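Examination of the molecular architecture
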Amino acid sequence: AICKTLHTLPALRKLSVGANRLGDRCMPHLAAAIEHCPTLKALDIFRNDLKSLDVFVPTVRAHPSLTHLDVNSNDLNDDAVLRFAQAVFDVHTRLWSLNTHKTGASSSTVSWINTKIRRLHGKRATAMCAFLRKRGFPKELVRLLGDFLD
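Below: a short report on this structure. Model, not experiment: these values are computed from the prediction.

Notes on helix α2 (residues 23-34)
- With 12 residues, α2 ought to run about 16 Å at 1.5 Å a step, and its terminal C-alpha atoms sit 17 Å apart, in line with that.
- Lining the buried residues of α2 we find α1 (2-6), β1 (14-16), β2 (42-44) and α3 (57-62).

Dropping the structure here:
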C-alpha cells in the first residue's frame, strides 16, 4: 500500500519504513516507488530482515537527491554490504551516509565505506570551493568553508 502512495508524494524528503520486517520480497517495489520521489533525501529501512541490497543499487546510483540510507540491524552479511557499497560508491552518487550498524559488515568493510564517503565528500568540497573562488567570493570565506567541510 505504501508503494502506491509514494507515487503521489513527489516532495517527500524522508521515508522511514524501518522495523517492519518487510523482507527482501518487498524491496523491489519500494526501490521502484522511491524513483517517483525526486526530493527524497533519507531512506530508513532498518530492521526489515533484509539479506541483500542489490535491488537498491540502480535506484541509489541514479537518485537525484538521496543522501542517507539506513540499513542497520538487518541480516546482511559482509559480502552483501560490500557488494552494495562498491556498486554505489564507485560511480557518481549523492549518498553521503550509509548506516550499516548491527549488520554482518566487517570492520574492514565499514572502514572502506567511510574512506569512500570521506573521499567523495572531499572532492565535492574542493569543487565547491573552486567554484566559489572563480565567482569572486572572499578568500577567507572560501577557506573557512573548506575547513568546515573537511
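Here's the deal with the sheet that holds strand β3 (residues 68-70)
- Spatially, the 4 strands line up as an open sheet ordered β1-β2-β3-β4, and their pairing is parallel. Only two strands of the sheet have a single partner each, and these edge strands are β1 and β4 (97-99). Adjacent strand axes in the sheet meet at a mean angle of 5 degrees, parallel and antiparallel pairs treated alike.
- As defined by bridge partners, β2 adjoins β3 across 3 bridges and the pair is classed as parallel. Along β3, the bridge assignment pairs Ala42 with His68.

A word on the side chain of Ser65
- Secondary-structure assignment places Ser65 in the loop between α3 and β3.
- Relative accessible area serves as the criterion here: at 9%, Ser65 is assigned to the buried category.
- Looking at Ser65, its side chain comes within polar contact range of the main-chain oxygen of Pro38, at 2.6 Å.
- Side-chain polar atoms of Ser65 contact the backbone oxygen of Leu40, separated by 2.7 Å.
- Leave out the neighbours within four places in its chain, and Ser65 touches Pro38, Thr39, Leu40, Lys41 and Arg94.

What about the pattern of salt bridges?
- If you walk through the whole model with that rule in mind, you get 5 salt bridges.
- Note that Arg83 and Asp54 form a salt bridge whose closest N and O atoms lie 3.0 Å from each other. On the criterion of sequence distance, the pair formed by Arg83 in helix α4 (residues 78-89) and Asp54 in the loop between β2 and α3 is long-range, its members being 29 residues apart.
- The exposure class of Arg83 is partly exposed, given its relative accessible area of 38%.
- In this structure Asp54 comes out as partly exposed when scored by relative accessible area, which is 35%.
- Put simply, Arg143 and Glu140 hold a salt bridge, and the shortest N to O gap is 2.6 Å.

A word on the environment of Leu141
- Relative to the assigned elements, Leu141 resides in helix α6 (residues 139-149).
- When the C-alpha atoms of Leu141 and Asp79 are compared, they prove to be 43 Å apart, with 62 residues separating the residues in sequence.

Topic: the packing of α4 against helix α5 (residues 107-134)
- For the pair α4 and α5, the least separation of the axes is 10 Å and the interaxial angle reads 15 degrees. The angle between the axes of α4 and α5 places the two elements in the roughly parallel class. Handedness of the crossing formed by α4 with α5: left-handed. Mapping the contact onto sequence places Asp78, Val81, Leu82, Ala85, Gln86 and Phe89 in α4 and Thr109, Trp112, Ile113, Lys116, Ile117 and Leu120 in α5.
- Tallied by class, residues from the contact of α4 with α5 come to 8 nonpolar, 2 polar and 2 charged.

Re α5
- Compared with the 40 Å implied by 1.5 Å per residue over 28 residues, the 41 Å span of α5 between its first and last C-alpha is a close match.
- Within the sequence span of α5, burial applies to Thr109, Ile113, Lys116, Ile117, Leu120, Arg124, Ala125, Cys129 and Leu132.
- Following α5 by one or two positions, Gly136 has its phi on the positive side, about 85 degrees.

Remarks on the nonpolar core
- Ile45 and Phe56 are the most contacted members of the largest nonpolar core, which totals 34 residues.
- Those elements that provide at least two residues to this core are α2, α3, α4 and α5.
- Among the elements that line this core, the one with the most residues is α4, at 6 residues.
- Beyond its immediate stretch of four places on either side in the chain, Ile45 contacts Val17, Gly18, Leu30, Leu50, Leu53, Phe56, Leu69, Asp70, Val71 and Asn74.

The rules behind these values
Residues numbered from 1 in each chain as written. Predicted model: local features only at pLDDT ≥ 70, side-chain atom pairs only at ≥ 80, totals over all residues. Heavy atoms only, no water. Helix = DSSP H or I, 4+ residues; strand = E, 2+ residues; numbered from the N terminus. Expected span 1.5 Å × (residues − 1). Contact = heavy atoms within 4.5 Å. Pairing = 2+ DSSP bridges. Axes fitted to C-alpha atoms, helices over the stretch in contact; angles between N-to-C directions. Buried < 20%, exposed > 50% of the residue type's maximum accessible area, 1.4 Å probe, protein only. Polar contact = N/O pair within 3.5 Å; in protein donor to acceptor, adjacent residues only side chain to side chain. Salt bridge = Lys/Arg side-chain N within 4 Å of Asp/Glu carboxyl O. Parallel < 35°, antiparallel > 145°, perpendicular 65-115°, else oblique. Left-handed = near helix turned anticlockwise from the far one by under 90°. Nonpolar A, V, L, I, M, F, W, Y, C, P; charged D, E, K, R; others polar. Core = buried A, V, L, I, M, F, W, Y, C linked by side-chain atoms within 4.5 Å.

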